[in-house]
Amino acid sequence: MQSLNKSLFGRLLNRGFIGRVLLSCGLLSVAIQSPVLANTPWNSPYSHDQIASKTLFSSFDQSPKHLDPVVSYSSNEWSILGQIYEPPLQYHYLKRPYTLEPLTLREMPKVRYLDKDAQPVDAQFEAIAYSEYTFSLKPGVLYQPHPAFAQDAQGEALYFNLDPATLNSLNNLNDLQQGAQRQLRSDDYVYAIKRMALRQNHSPILDSMTQYIVGLEEFSKSVTALYQTQLDIQKQHAGEGESLGAKVSYFDLNKHSISGVQAIDSHSFKITIKGKYPQFLYWLSMNFFAPIPWEVDRFYKQPGLVKKNITLDTSPVGTGPYQLVENNPNKQMRLLKNPNYRADFYPVDGLPSDANPNLLADAGKPIPFIDEVIYSLEKESVPLWNKFLQGYYDASGLSSDSFDQAISVSSSGSMSLTPEMAEKGIQFLNVIQPSTLYFGFNMADEQVGGYSPQQQKLRQAISIALNFEEYISIFMNGRGVAAQSPIPPGIFGFNEGQAGINPWVYDWLEQRPQRKSIDVAKALLAEAGYPNGRLPNGEPLVLHYDTAATGPDSQSLLNWYRKQFAALGIQLVIRATNYNRFQDKVRGAKVQMFSWGWNADYPDPENFLFLLAGKNAAINTNGAGINSSNYDNPKFNALFAQVQNMDNTPERQALIDKMVHIAQQDSPWAWGYHPQSLALYHSWYHNVWANPLANNTLKYKRIEPEQRKVLQNEWNQVVTWPFWLLLLVIIGAIYPLRKAYVKRQNATLLLASPLAINTVATSTSSKD
C-alpha cells in the first residue's frame, strides 16, 4: 500500500498531470467563451432551448391528488385541470364584476321556465316548477390526441383490450403509438353528469346537485346499486382465481339515462332543474361539468392500466388549450399546447377603466401564446423565492419571510415595490380575494350562543376586542381588509363605505370605518352580565377556543388571541388539535369558539349567506351542514329563502341589506377579514390579471423569451476569478513539490545506473 501511495503521488506531480490540469483549464476557458454555454448561465435549471422557447416556468408545493374533474375540488388541482378541461361556460378574463360567457357554446344557454305541468310560464311567475336550460355547442371543438379514440380499419377501438404483453411493456401513454382525435359531442357533457351520479366516484357536489337537477337523485341511487353489484361479482370471481377481463371493470353509463339531462342531437343538450335557480349557471363554469367521452372512461378502466396508475385521475383528456404530457408529482409536471385546439382569441374589451391599458395590447390575437408549461416541485419558499429573483421562475407568490424584501408599506397602508424589485423590472398584482375568514361563535352553546340582547352584547364586545386590523398588520403583512359582513368585495350585495360598516363594531369617522374603543367593549360586556370579565359570583369568565393551529409557529398567533380576550378580563383557554379532529368537533357542535373560512365557489351572495342559513346549521343536518356557527334566526332564514334564487336587482340588494343588518346585530361571527393575494412577476411575463374565480387563464398569458434570456444572463454572471486564483494557488503549491520529486527521482536514477553500480562495487572491493 505504501508503494502504491508513492506511485500515485508521483503521478500527480509529473508533467502529464500538470499538463492535464492546464489543458482542463484551457477547455474551461473555451467553455466560458462558448456561444451556447455563454447564453445559458451555469446555475440554470433549464436547457438553452427551453429558456429560448415560449415556455412558462412555474412551481407547485403540493402534489395534486385528483385530476379527475368529477372528483377534484382543490385549487392546486384546478390550476392544472383548468388548462385541460372545458366546461360549457367560463368567466370573462377581464370584466368586473365577474361575468360568465360561453366557452364551448355558441351562445349563453337559453332558459325556459315551466309550471308543474311542464307548461311554459313567464320568468316572474311565482310558482315556477322547473327551469329548462338548452345548450348549443360550437362546431369543430376537438379533444387532444389520445389512444382512447384510436380505431382499426373496421372502426373498432384499437386499445380497449390491451393484451398482457403490451401492458407489461407499457410505462406511459406515449408507448401506445397511435393516438387519434375526436370531436366534442353533446353526449360527452351528459356522460360527465352521469359519472358525477355514481357514488363510487365520490363527487363532492353530488348531494348539492341532486337538490336541483331533475331525476339526478333517482338516477344516482339506481346506477350506484347496479355498479356495486357488478363490483361484488368482480370481487367474487377474483377470489376464485378467475379473470373477468376489462369489460367487467367498466360500467356502461350509456345504457342509463337521467330524466333531466338529455342530448337533443350531437351538438345540443338540455338540463332541467327544479324551480328557479339562476346561480346554476355558475356551476356550469366548474370542472365538475367538463365533458368526458365514454371512450376515455372505458379505456382507463382496463385493470392493467389501473395497476400502473394510468387512469383518468392521473392522465386527463380534454378539449382545452393544453394537454398534460408529464405527471411526476414528486418532481415535475409538464403541459404542452394542444395541437387540436380550435381558433380562440384574446378579449377585445371588458377591461376596467382603472386597469393597465397594456392588458389589451394583444386584443384579438390567437391564443394560447405559451407553448409549454413546466411546473417544478418546490416544497420550501426560500429556494422558490431565490430562483424567482434569478429569473428562473416567471412569477412568484410572496411569503412572510420575503415580504419586506419585496414590498414597502406606507403609513397609509398602501403597498409598493422596494427599489430592489423595481430595478429588476418586477411588477406586482394584488387583489382582495372573494373569500371570508371569520371567528365563529357556536350559537347553540349555552354561554356564547343565544339571541337575547345580553347574549348579543357578549359577542359584540368580543368582536370589538378582536382587533383584526392589528391581526392583518402582524400576521398578514397588511394583506387583507377587515370584514364588515360575510360578503366580500366584488360580490353583489357588498356595500362600500359607510353604508356597509358594522355599526355594532365600527364608527364612521374621517371617511373611514374605525373600530370602537375597548372601553365600549367593556361597557357592553358589563351589560351582558360580565363586568370586568367576571361572573356574578366574582370568578373570571373562562371561554374556550378550538383550533387546528398546533405547530410552534402558531404560538404567537394563539398568544395574540389570549391578549385580545385578556383586555376584557376574559380568560381564554386554547384547545388545539389536529385538523381532522377539529372538523369533527365543529360539525358536532362541540366547540364554543373557532376560526374558519370560505372561498367563493361562484360570485353570488347566496354562496356566502348560506353559511348562516338555519337549514344548513350543523346541528340541523347531523353535522353535514356548512353553517358551522349553528346560526338559526327565523327572520334571517325567511329573507334568505327570498333572496336565494333571485336575480341581481335593487330589490334583492335591499333584502340582502336587511339580512346583513340582522346578522351584524346577532354577531354569530366576529367578522374577521377578507384576504388579499399578492403576486410578483417579471417584465417579460405579460397579460397578468387577477381573476380569482377563473381557472383557465393560462391561455391569455404571454412570455417574451428573448428578454428573459438576456436578463437571466445579466443576473447570473459567472464569477471566474476565484477559480483562477485557486488554480494559481494549486500550481504554486505543486511546483516546489514537483521540483523536489524530480530531484529525488534523478538521484535515484543516478544510483541505479550501471556506472554508479560499478563504482560502488569497486569501492567495496578496495576496502575489502
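Residues numbered from 1 in each chain as written. Predicted model: local features only at pLDDT ≥ 70, side-chain atom pairs only at ≥ 80, totals over all residues. Heavy atoms only, no water.

Colleague: How would you explain the overall build of the protein chain if you had to name every residue and give the values?
Modeller: Looking only at helices and strands, one finds 27 helices and 27 strands in the protein chain. The dimensions of the protein chain, computed from C-alpha atoms along their principal axes, are 135 × 85 × 60 Å. Residues counted as buried form 48% of the 768 residues belonging to the protein chain. Contacts in the protein chain between residues at least 24 apart in sequence constitute 71% of all its contacts with a sequence separation of at least 6. (Helix = DSSP H or I, 4+ residues; strand = E, 2+ residues; numbered from the N terminus. Buried < 20%, exposed > 50% of the residue type's maximum accessible area, 1.4 Å probe, protein only. Contact = heavy atoms within 4.5 Å.)

Colleague: I'd love a proper account of the sheet that holds strand β7 (residues 261-265), names of residues and values included.
Modeller: If you walk across this open sheet you meet the 5 strands as β5-β4-β6-β8-β7, and the pairing is antiparallel. Either end of the sheet is taken by a strand with one partner, and the two such strands are β5 (120-121) and β7. When strand β4 (residues 110-114) meets β5, the two strands line up antiparallel, connected through 2 bridges. Within β5, the residue paired with L114 across the bridge is P120. Across the face of the sheet, helix α7 (residues 186-197) comes into contact with β7 and β8 (268-274) while running at roughly 170° to β7. (Pairing = 2+ DSSP bridges. Axes fitted to C-alpha atoms, helices over the stretch in contact; angles between N-to-C directions.)

Colleague: I'd love a proper account of the side chain of N338, names of residues and values included.
Modeller: Along the chain, N338 falls in the loop between β10 (332-337) and β11 (344-345). Since its relative accessible area comes to 2%, N338 is described here as buried. Within the local environment of N338, its side chain forms a polar contact with the backbone oxygen of G320, the two atoms lying 3.0 Å apart. In terms of polar contacts, N338 uses its side chain to reach the backbone amide nitrogen of N340, at 2.9 Å. In this structure N338 touches L142, Y143, Q144, P145, G318, T319, G320, P321, Y322 and Q323, once residues within four positions along its chain are discounted. (Polar contact = N/O pair within 3.5 Å; in protein donor to acceptor, adjacent residues only side chain to side chain.)

Colleague: Could you give an account of the side chain of Q83, with specific residues and numbers?
Modeller: By the secondary structure assignment, Q83 is in helix α5 (residues 75-84). With relative accessibility at 4%, the residue Q83 sits in the buried group. Reaching out from Q83, the side chain makes a polar contact with the backbone nitrogen of L698 at a distance of 3.4 Å. Sequence-distant contacts of Q83, defined by excluding residues within four places in its chain, comprise G320, P321, Y322, L335, N695, N696, T697, L698 and K699.

Colleague: Can you explain unusual backbone geometry? Please cite residues and give values.
Modeller: In this model, R96 is joined to P97 through a cis peptide bond whose omega is 0°. Cis geometry marks the peptide bond from I367 to P368, where omega comes out at 5°. Residue placement: P368 occurs in the loop between β12 (366-367) and β13 (372-377). Backbone geometry places N477, a non-glycine residue, at a positive phi of 55°. Checked against the element boundaries, N477 lands in the loop between α18 (468-475) and β19 (480-482). Even without glycine at this site, N622 takes up a positive phi of about 55°. You can see N622 is positioned in the loop between α22 (606-609) and α23 (634-643). Exposure remark for N622: the relative accessible area of 78% places this residue in the exposed category.

Colleague: Describe the nonpolar core, with residues and values.
Modeller: With 122 residues, the main nonpolar core has M209, I213, I271, F280, F289, F299 and L335 as its most contacted residues. Residue contributions to this core peak at 7 residues, all from α7. Contact partners of I271, with chain neighbours within four places excluded, come to S131, E132, Y133, F135, I193, I213, G260, V261, F280 and L284. Counting residues in each nonpolar core, the second largest holds 37 residues, with V448, F468, Y561 and I570 among its members. (Core = buried A, V, L, I, M, F, W, Y, C linked by side-chain atoms within 4.5 Å.)

Colleague: Any chance you could break down the packing of aromatic side chains for me, citing the residues and the numbers?
Modeller: Enumeration according to the criterion identifies 46 aromatic pairs in this entry. Arranged with centres 3.8 Å apart and planes meeting at 5°, the rings of Y438 and W669 form a pair that is stacked. Residue Y438 is located in strand β18 (residues 435-441), and its partner W669 is located in strand β25 (residues 669-681); the two are separated by 231 residues in the primary sequence. The exposure classification of Y438 matches that of W669, with both residues buried. These aromatic residues form a ring-pair network of at least three members: F439, F441, F468, Y471, F475, Y545, W560, Y561, F565 and Y673. Taking the ring centre of W715 as reference, the NZ or CZ of K424 above it sits at 3.9 Å. (Phe/Tyr/Trp six-rings, centres within 6.5 Å; stacked < 30°, edge-to-face > 60°. Lys NZ or Arg CZ within 6 Å of the ring centre and 35° of its normal.)

Colleague: Residue-level account of the pairing of strand β9 (residues 322-328), with values.
Modeller: Examined bridge by bridge, β9 and β10 share 6 bridges and lie antiparallel to one another. Residue pairing in the sheet places L324 in a bridge with L335 of β10. What sits between the antiparallel neighbours β9 and β10 is a turn of 3 residues.

Colleague: Run through the pattern of salt bridges, naming residues and quoting values.
Modeller: Summed over the entire model, instances satisfying the criterion amount to 30 salt bridges. For D68, the salt bridge goes to R195, with nearest N and O atoms at 2.7 Å. Of this pair, D68 sits in the loop between β1 (55-60) and α5 while R195 sits in helix α7, and the two are 127 residues apart along the sequence. Note on accessibility: D68 and R195 belong to one class, buried. (Salt bridge = Lys/Arg side-chain N within 4 Å of Asp/Glu carboxyl O.)

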